[in-house]
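Inside the fold
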Amino acid sequence: FRFSPEGLQFRRPARLTLSYRNCLSVPLPKKVADTNELLEILQVLRSLDSRKEKEVSSDIDHFSRYAVAY
């Protein structure tokens, strides 16, 4: 997902939750990653992987492009 304007800082962190229900099943823990336009990982965020719901969540403090990483 891409949120804009990119780089906009929040006063308080916001919780971002991404579903990976449509992704291949991989037994590795999932994380939220901040990526560039080529989907190269810039930063892996502290994340909570909810395997039962097939969702991963992280607090974010700015708009950017985010993806599920494993």
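1. Observations concerning the environment of Q43
- Structurally, the position occupied by Q43 is in strand β3 (residues 41–44).
- Since its relative accessible area comes to 41%, Q43 is described here as partly exposed.
- Each C-alpha atom, one on Q43 and one on L16, is 15 Å from the other, the two residues being 27 residues apart in sequence.
- Those residues in contact with Q43, other than ones at most four positions away along the chain, are V32, A33 and D34.

2. As for the nonpolar core
- In this structure, L16, L18, Y20, V32, L45, V56, I60 and Y66 together form the largest nonpolar core, which totals eight residues.
- Among the secondary structure elements, those contributing two or more residues to this core are β1 (9–19) and β5 (55–62).

Definitions and limits used
- Residues numbered from 1 in each chain as written.
- Predicted model: local features only at pLDDT ≥ 70, side-chain atom pairs only at ≥ 80, totals over all residues.
- Heavy atoms only, no water.
- Helix = DSSP H or I, 4+ residues; strand = E, 2+ residues; numbered from the N terminus.
- Buried < 20%, exposed > 50% of the residue type's maximum accessible area, 1.4 Å probe, protein only.
- Contact = heavy atoms within 4.5 Å.
- Core = buried A, V, L, I, M, F, W, Y, C linked by side-chain atoms within 4.5 Å.

Remember that the coordinates give geometry; whether it matters functionally is a separate question.
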